[in-house]
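Inside the fold
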Amino acid sequence: MWLLPYNEGMNKKCVKVGGCCAVLFLVIILPALVIGKGRLFMNADFNSQQIPFNILCNKAIKNGEYFWNWNTDLGSNFIASYSFYNIGSPFFWIMLLVPSKYVVYAMGPLLVLKFMVSGCSSYLYLSQYVKNGYLAAIGAVLYTFSGFTFSNLFYNHFMDVIALFPLLLLALDQNVKNGKKNYFSIMVALMAMTNYVFFVMEVVFIILYFICQVSAGEYKITLKKFLNLAIESVLGFCASCIIVLPSVLDLVGNPRSIVHFSNYRDMLIYALNQYVLIIKAAFLPSDLQNGAALFENRYSCTELYLPMVGMIFVISFIIHCNKKKNFIFNMLIACICFSFVPVLNSSFQLFNQAYYTRWFFMFVLVLSLASIKAIENNYEIKTGAIISCIIICSLSIYLYKGDYINNNFYIWIWVSSLLGIVFTVLLGKKKAENTSVKMFIGIIFFVLLSGAGHYYNTFDYNNIDSYFNDFIGENNENSPDDKEFYRTENKNQWNSSMVSDNKDIICWNSTVSSSIFSFYENVGAGRYVTSSPDDSLYGLRALLSVKYIYNKDNEWLNTKLYSSDNVNTIYENVDFLPMGFGYDNYISESEYQALPVENRHLVLLKALVLSDEDVQKYNSLLKKLDSSELENLNYESFKQDINERRKVVCNNFQQKKNGFSAEIDLKSEKIIFFSVPYEKGWTATINGEKAEILKVDDGLMAIKCPKGPNNIQFNYVPQGFVIGAMISVVAVLLIGCGVLLAQKAKR
């Protein structure tokens, strides 16, 4: 509204469309809210990630834990770990108004708010290109309730981007066409902070969009306009650096960011099933998040379906539109090409080979625009309906193999897609003025039915009580009455430490500190999206100071029963090592890498793994591990090593908001190890004097302490945060000056 010429009628319609989308989604999830007693429940990522992430971040920010978070894996860079998920989003900052213990009750209302914003923002963008308000409303509903949205609903943070993205295109259009300055820089900053990974996709899309608009003659670009746009883009991105810069610097070591194409064929051609998946995404309602009806469970986000109308109007638009100087047609062709060519699709994720189509929500907006333009121009839809039927029937024959079939939802997908064609043809018979209102009402009813069908085939009724009572509720707050620092291993639930005050090594977060990935990968535990060391790697429990194991069923090696109730059975690790202990031996990284993977967890309790450079520095203080020590590695030798490590341990280890402290009295100079992920943002002092931090064990930390009493202090500020904050402050000031000058010029 602030970007478009003032129009009271449009403002009211915008609010009505947003309200309609909010009410629609609320009606869909209302039974779930009633069953959950006000608490929204889904499955998979939503339950195990989105809810605990929001609870943790709410608590962390209010407690001043802005930089380092002890309740994420082994401890992690707070900004880098959660900037992809929530902490830069304006919706999350609204949630900060809610106490952390009530966050679970706010998840539903906040999601409703996101749907409302999505309806408003897409309506404002689409209303630029159609004269009939109902058509813009239709497009807004198609975009907001697309197959992409429903399929990815359990990725709660995706909806933040979906809701705000149309405003980015609106700001660009108004900047170039109507000279409305500064708003584009504000939207660039907002989108980059909301989700820096999606921002990369948006940059690629904006470049495509800009080229298509210019080539169609919609954008009349002069050098002055182009330079202004470039400056606003740079300023907007710079304003986001307080969050984006620390996140990107930490992302470098994440294995999900470095998967590259291995050959030219993979860059140019997909396997046949991949093409079928893309076609299916356009013509059939979205598949389930769990228990897939058509394809094996996958999380590539390949969904494009527009409720009820599918591709009927898009096909009609492509056939009948004036293809010369038509930016919508250009965008459709560009998006189709980028969808079907692997290397082009990968450009949205910096040419990472891992197959994702998370940029499809932007494609959906183009499809929605093409659809309402086809309705506005009263294009013939018979051809689009016939082509859709042929493709849907062909897909039904190809896909019915009996594999990955959820029979109920399988039938629902085919029936609803065919019914959608029937209703679209019936409602689209008359002229556009009459069609738009009926089409809008028809799509509303279709959204209600299909949305409810999709959501409640995903909704996990069976586990709702145990989830809220045992994980989110008070039962999860029952921790051992133990004052010293320790970690836990909760085998009953992912991310339990984010809800309780425990420090748990079981973690499901894709963006933890990169050192955690390298440590787990090299010790043989593996780390892609989760940390969950195998029970055979029992040496890691001692190394990582795991004292208590939560498990409902079995007793574990080297544990004794601590307590048991209806919710948890807690075992105590008898081989527990306190945080901070000394070593006498080392092994080089190359020698460590040459060891059998299954033995490495035991070797880490015998010696520190040092880089070749650090071997030269510290070989006078540490002895090279004798090769005989690498023989007969078993539980007995492990017990001996535990006893050795217990001879030199820190006392009074204290975690702090953004660091930790420890004390130790040494009879001689010693290297003291801490199972805390190494990051370049760490600084350390011993007795007030700056000390060098060693990176050991492929990702953890150690420090050299002199003889006598030692007061050790570690403090953490994320790499890039200070300079990022400075850049952001300058950029925000410049944008603010631009806004003031623009307001002054208007007067």
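That block above? That's the structure.
Rules used in this analysis
Residues numbered from 1 in each chain as written. Predicted model: local features only at pLDDT ≥ 70, side-chain atom pairs only at ≥ 80, totals over all residues. Heavy atoms only, no water. Helix = DSSP H or I, 4+ residues; strand = E, 2+ residues; numbered from the N terminus. Expected span 1.5 Å × (residues − 1). Contact = heavy atoms within 4.5 Å. Polar contact = N/O pair within 3.5 Å; in protein donor to acceptor, adjacent residues only side chain to side chain. Phe/Tyr/Trp six-rings, centres within 6.5 Å; stacked < 30°, edge-to-face > 60°. Buried < 20%, exposed > 50% of the residue type's maximum accessible area, 1.4 Å probe, protein only. Patch = residues over 30% accessible without salt bridge, like charges linked within 9 Å, V, L, I, M, F, W, Y side chains within 5 Å. Areas by Shrake-Rupley, 256 points an atom, 1.4 Å probe, with all protein chains shown as cover. Salt bridge = Lys/Arg side-chain N within 4 Å of Asp/Glu carboxyl O. Axes fitted to C-alpha atoms, helices over the stretch in contact; angles between N-to-C directions. Left-handed = near helix turned anticlockwise from the far one by under 90°. Nonpolar A, V, L, I, M, F, W, Y, C, P; charged D, E, K, R; others polar. Pairing = 2+ DSSP bridges.

Thoughts on helix α9 (residues 183-194)
Between the first and last C-alpha of α9 there are 16 Å, a value that for 12 residues agrees with the 16 Å anticipated at 1.5 Å per step. Looking at the packing, one finds that the buried side of α9 touches α4 (90-95), α8 (158-178), α10 (196-215), α11 (223-239), α12 (241-251) and α29 (721-746).

Concerning the side chain of S531
Among the secondary structure elements, S531 is positioned in strand β5 (residues 530-531). At a separation of 2.5 Å, a polar atom in the side chain of S531 contacts the side chain of D73. Discounting chain neighbours no more than four positions away, the residues touching S531 are D73, W494, I505, I506, C507, I516 and Y520.

Observations regarding the packing of aromatic side chains
As enumerated under the stated definition, the model contains 60 aromatic pairs in all. When the ring of Y538 is compared with that of Y635, the centres are 5.8 Å apart and the planes differ by 70 degrees; the resulting orientation is edge-to-face. Pair noted here: Y538 is in the loop between β5 and α24 (539-543) and Y635 is in helix α28 (residues 635-645), with a separation of 97 residues, a long-range link. Assessed through its relative accessible area of 13%, Y538 is described here as buried.

Some words on a nonpolar patch on the surface
Together, V214, I221, L223, F226, L227 and I231 make up a nonpolar patch on the protein surface, roughly 540 Å² of accessible area in all. In terms of residue count, the dominant contributor to the nonpolar patch is α11 (4 residues). Tracing the backbone shows V214 in helix α10. V214 gets classed as partly exposed once you look at its relative accessible area, which sits at 32%.

Examining the packing of α10 against helix α16 (residues 327-340)
Viewed as axis vectors pointing N to C, α10 and α16 meet at an angle of 140 degrees, and their least axial separation amounts to 8 Å. Here the hand of the crossing between α10 and α16 comes out right-handed. Two secondary-structure elements touch here, α10 through F205, L208, Y209, C212, Q213 and S215 and α16 through F327, N330, M331, A334, C335 and F338. Its residues assigned to classes, the contact of α10 with α16 shows 9 nonpolar, 3 polar and no charged.

What about the sheet that holds strand β18 (residues 693-696)?
Pairing in this open sheet of 4 strands is antiparallel, and the strands run β9-β15-β19-β18 from one edge to the other. The sheet terminates laterally at β9 (581-583) and β18, the two strands that pair on one side only. Within this sheet the neighbouring strands show an average axis-to-axis angle of 40 degrees, counted without direction. Bridge count between β9 and strand β15 (residues 670-677): 3 bridges; the pairing is antiparallel. In the sheet register, F581 faces β15, and the bridge partner there is F673.

Thoughts on the pattern of salt bridges
Per the stated rule, a full pass over the model turns up 19 salt bridges. Salt-bridge contacts for D160 lead to K114; the nearest nitrogen and oxygen are separated by 2.7 Å. With D160 in helix α8 and K114 in helix α5 (residues 103-126), this pair connects stretches of sequence that are 46 residues apart. Of the two residues, D160 and K114, neither departs from the other in class, the shared state being buried. E484 serves as the salt-bridge partner of K547, at 2.7 Å between the closest nitrogen and oxygen. Residue K547 is located in strand β6 (residues 546-550), and its partner E484 is located in the loop between α22 (464-472) and β3 (487-490); the two are separated by 63 residues in the primary sequence. Through salt bridges with shared partners, a single network forms among E489, K491, D535 and R541.

Observations regarding the pairing of β18
Bridge count between β18 and strand β19 (residues 700-705): 4 bridges; the pairing is antiparallel. Looking at the pairing, I693 lines up with I703 of β19. From the end of β18 to the start of β19, which pair antiparallel, there are 3 residues, and D697 there has a positive phi angle of about 55 degrees.

As for the pairing of strand β13 (residues 651-656)
Pairing of β13 with strand β14 (residues 659-666), which is carried by 4 bridges, proceeds in the antiparallel orientation. Bridge pairing in β14 places N651 opposite E663. Linking β13 back to β14 in an antiparallel pair, the connection comprises 2 residues.

Re unusual backbone geometry
With a phi angle near 55 degrees, N378 is a residue other than glycine that sits in the positive phi range. Located in the positive-phi region is N652, a residue other than glycine, with phi close to 60 degrees. With respect to the helices, strands and loops of the structure, N652 is situated in strand β13.

A few points about the sheet that holds strand β7 (residues 559-564)
Two pairing modes exist for strands in a sheet, parallel and antiparallel, and in both the strands are linked by backbone hydrogen bonds. The strand order across the open sheet built from 4 strands is β3-β6-β8-β7, with neighbouring strands paired in mixed fashion. Lying at the two open borders of the sheet, with one neighbouring strand each, are β3 and β7. Strand-to-strand twist of the sheet, defined as the mean angle between neighbouring strand axes without regard to direction, takes the value 25 degrees. Sheet topology note: the β7/strand β8 (residues 569-573) ladder contains 5 bridges and is antiparallel. Looking at the pairing, T559 lines up with N573 of β8.

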